[in-house]
Amino acid sequence: MWVLCRGVFAAGHRHVIGPSTVTRSEAPLVVGSLRTVFGLVPRTTATMKSGSLNFFLSSFPLLTSRHQSDLTIPQVGGGLTGSAIGTTIAARNIAVEATQFKKMHLDTNSPMVAQQARRMLFATSIAGQNIDARSVGLLLNTAVYFGMESDAKLVRECVDYCLKNDKLVTVDVVPLIVTACATLKSKDAREVIEMQAMKTMRNAKYLDAKNVTNIISAFSKTNINHEKMFQFMSKRVQTLGRLGEFEASHLVILANAFARLKYRDKNLFACIARRAMTLRERVTVHELVPLIVSFSKIGLKDPKLSRRFASKAMEYVDQMDALHVSQMFMAFASFGVRYDQLFGVLTNRAVELIDEFNAQYISVTLSAFQRISINNPELFDNLAERALAVVADHDAKDISRTVTALAHFGLKDEELFKRLASHAATLADQFEPLALVNTVYAFAKTGFAQQDMSVALSERSVHLCRTFDASEARKCLWAFVKFGVRDPRVLSPLFNRALALHFDFFSDAAGTEEIEEIFDVLGSQFCPPLYQQYMSRGAA
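Residues numbered from 1 in each chain as written. Predicted model: local features only at pLDDT ≥ 70, side-chain atom pairs only at ≥ 80, totals over all residues. Heavy atoms only, no water.

What to know about the packing of aromatic side chains
Applied cut-off: For Phe, Tyr and Trp, where Trp contributes only its six-membered ring, two rings pair if their centres lie within 6.5 Å, and the inter-plane angle classes them as stacked under 30 degrees, edge-to-face over 60, or tilted in between. We call a residue buried when its accessible area falls under 20% of the maximum for its residue type, exposed when it is over 50%, and partly exposed in between, using a 1.4 Å probe and counting protein chains only. The secondary structure listing takes helices from DSSP runs of H or I that are at least 4 residues long and strands from runs of E that are at least 2 residues long, numbered from the N terminus.
Throughout the structure, instances matching the rule amount to 24 aromatic pairs. Each ring, one from Phe443 and one from Phe448, has its centre 5.2 Å from the other, and the planes form 35 degrees; the classification is tilted. When sorted by exposure, Phe443 lands in the same class as Phe448, which is buried. Each ring, one from Phe495 and one from Phe526, has its centre 6.1 Å from the other, and the planes form 5 degrees; the classification is stacked. Of the two residues, Phe495 sits in helix H26 (residues 488-500) while Phe526 sits in the loop between helix H28 (512-522) and helix H29 (528-539), which places them 31 residues apart along the sequence. Exposure class is identical for Phe495 and Phe526. Each is buried. Of the aromatic side chains, those joined through ring pairs into one cluster are Phe329, Phe343, Phe369, Phe380 and Phe409.

Notes on the environment of Glu517
Rules: The contact rule is simple, with two residues in contact once any of their heavy atoms fall within 4.5 Å.
Counting through the fold element by element, Glu517 comes out in helix H28. Sequence separation between Glu517 and Trp478 is 39 residues; the distance between their C-alpha atoms is 7.5 Å. Ignoring any residue separated from it by four or fewer positions in sequence, one finds Glu517 in contact with Trp478 and Lys482.

Quick word on the environment of Val136
By the element assignment, Val136 lies in helix H7 (residues 133-145). Residue classification places Val136 among the buried positions, given a relative accessible area of 0%. Every residue in contact with Val136, bar those within four places of it in the chain, is listed here: Ile126, Ile131, Cys158, Tyr161 and Cys162.

Some words on helix H9 (residues 174-183)
Burial runs high along H9: eight of the 10 residues are buried. Taken together, the buried residues of H9 touch H7, helix H8 (153-164), helix H10 (187-203) and helix H11 (209-219).

Let's talk about a negative patch on the surface
The test is simple: Patches here: salt-bridge-free residues with over 30% relative accessible area, like charges joined within 9 Å, nonpolar side chains (Val, Leu, Ile, Met, Phe, Trp, Tyr) joined within 5 Å. Per-residue and other accessible areas were derived by the Shrake-Rupley procedure at a 1.4 Å probe size, with only the shown protein chains allowed to occlude residues. A pairing counts as a salt bridge when a side-chain nitrogen of Lys or Arg comes within 4 Å of a carboxyl oxygen of Asp or Glu. The convention is simple: Lys and Arg are positive, Asp and Glu are negative, and His and the chain ends are not counted. Charge coordinates come from a single atom per side chain, which is NZ of Lys, CZ of Arg, CG of Asp or CD of Glu.
A cluster of acidic residues, Asp355, Glu356, Glu378, Asp381 and Glu385, forms a negative patch on the protein surface. One can find Asp355 in the loop between helix H18 (340-352) and helix H19 (359-372).

Some points on the pattern of salt bridges
Considering all chains together, one arrives at 14 salt bridges under this definition. Residue Glu352 pairs with Arg349 through a salt bridge whose shortest N-O separation is 3.1 Å. Placement of both Glu352 and Arg349 in helix H18 is noted, with a separation of three residues, approximately one turn of the helix. Given a relative accessible area of 56%, Glu352 falls into the exposed group. Taking relative accessible area as the criterion, Arg349 reaches 16% and is therefore assigned buried. Here Glu514 ties to Arg474 by a salt bridge, and the two come within 2.9 Å at their closest N and O atoms. Here Arg474 lies in helix H25 (residues 470-483) and Glu514 lies in helix H28, a separation of 40 residues in the sequence. Of the two residues, Glu514 and Arg474, both sit in the buried class. A single salt-bridge network, built from bridges that share partners, covers Arg474, Asp508 and Glu514.

Quick notes on the side chain of Thr446
Note the cut-off: Counting of polar contacts relies on pairs of N or O atoms within 3.5 Å, with two restrictions inside protein: one atom must be capable of donating a hydrogen and the other of accepting it, and residues adjacent in sequence are counted only when both atoms are side-chain atoms.
Mapped onto the elements of the fold, Thr446 is located in the loop between helix H23 (433-445) and helix H24 (451-464). Here Phe443 takes part through its backbone oxygen, which lies 2.9 Å from a polar atom of the side chain of Thr446. Apart from the residues lying within four places of it in its own chain, the contact partners of Thr446 are Ala407, Leu411, Lys412 and Phe417.

Digging into the packing of helix H5 (residues 91-108) against H7
So the rule is basically this: Fitted lines through C-alpha atoms serve as axes, helices being fitted only where they are in contact, and the angles separating the N-to-C directions of these axes extend from 0 to 180 degrees. What sets the label is the angle itself: under 35 degrees gives roughly parallel, over 145 gives roughly antiparallel, 65 to 115 gives roughly perpendicular, and the rest give oblique. Crossing chirality is assigned from the near helix's rotation relative to the far helix, an anticlockwise turn below a right angle marking it left-handed and a clockwise turn marking it right-handed. Following the grouping adopted for this structure description, the nonpolar residues are Ala, Val, Leu, Ile, Met, Phe, Trp, Tyr, Cys and Pro, the charged ones are Asp, Glu, Lys and Arg, and the polar ones are all others, Gly among them.
The contact between H5 and H7 brings their axes to 9 Å, and the two run at 40 degrees. With respect to their mutual orientation, H5 and H7 come out oblique. Seen from above, H5 lies across H7 with left-handed handedness. Along its contact with H5, which presents Ala91, Arg92, Ile94, Ala95, Ala98, Thr99, Lys102, His105 and Leu106, the element H7 presents Ser135, Leu138, Leu139, Asn141, Thr142 and Tyr145. The class makeup of the residues in the contact of H5 with H7 is eight nonpolar, five polar and two charged.

Observations regarding H8
Stated precisely, the cut-off is as follows: Here a helix's expected span is defined as the number of its residues, less one, multiplied by 1.5 Å.
Counted at 1.5 Å a residue, the expected span for H8 with its 12 residues is 16 Å, and the 17 Å between its end C-alpha atoms agrees. Within the sequence span of H8, burial applies to Leu154, Val155, Glu157, Cys158, Val159, Tyr161 and Cys162. Elements that come into contact with the buried residues of H8 comprise helix H6 (111-122), H7, H9 and H10.

Below is the structure:
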């Protein structure tokens, strides 16, 4: 066997084989070359066509069936180069290679990498193969990552394996499987998730910090409320936290996962916070900021804890970039407590980094100040000037937040408003109901009107008004009255929506003056029944 193989490679794959002598010490070198040619490891220098390989095997009777069965011959097709594709390749080798493709795609976001990975995975099967649960988890996870659905052959086989071989799935594999099944919509995938939840509960008290973190993060993506399991995991987190097992990266993932789950356990979050404080300088700014953001999202009102976070954040202000600064403004605004000293140093840092602010950072920062009602003219001027430079980068949400915040403080930058209004007209189809209502209401509040924006957003409202509540219908009608909109195709649907919600429409005391102005200008021509109710209420 070794004589033949060495002779073939020495002759450059010619069919004439000269005499040669091979010792046992040389055998690994030949096997390595053979593995490279046959695709058992990733190749970078050369590929061989399957036809040539078949001719090679058929030409030498000394390659017995036993020897041939030890070789894995890839079915190469489609003109692909690099990794061999075919169901005859060992599935666990495919799992490793697919994971490498995933890492490469995360780094480069290359469509060619994704295409090659999908073609390899679509040609892969685990049927009849002796494969371990971890390889199955890796295959399922990467297959779902690259867009394969429940009806794909490999996905079906992997899910079926998980259902039939649950005892082989260890706790370190659970996150891979749950994360993949969270994306799939099939009943079998849901059953797999439930099975892994039961397994997690049974093994909760034995899990280490890494497994606890990964499992909770995976289940947070399922949108399934496993309340009992979360209780077990919460207790385990608190136990490991008291023992000092968690690193800063673990704490960030845990806080974000429990916030996504809306699991409001005060003791749990207090434990995570205490551990974060004890890590001191081992916590970097890239970990502290997401941790504070997660705490702000969960909605726990703990002034003592938020003050400790404020004190900690001030130590890291000089290391923050524009994203961090905008996130800190919003996080502490969400806590609902004014920290003038922190906001002061964050303002100085924002002014230093103003050229790094993009449209999203600007809108989030302004929205944070609106939320906590702190007027900061110096920062607002800098942000407005920067917003002019990046108008084209604003999406519908950015426009809505920026205009609403400026209107809240009674600020009207004509040039900025003109350009944002023109940009809003081009993005009209992207506006969601709340963003549209807030945008037109904010413009109307400042007395600003522009024809192209008025027409585009009023036409968009016709498609969204069915989802409006009474307050949103009133604000939208009042804004369009201010803009001079009189098109029945726009106003009639809005009036009909208000009529459907007439009790709430008239009962909001904050909108009394706006309702009066609407009917004083438009009268009964667009909706006589709603006008009659308005008049009868006025008489009463």
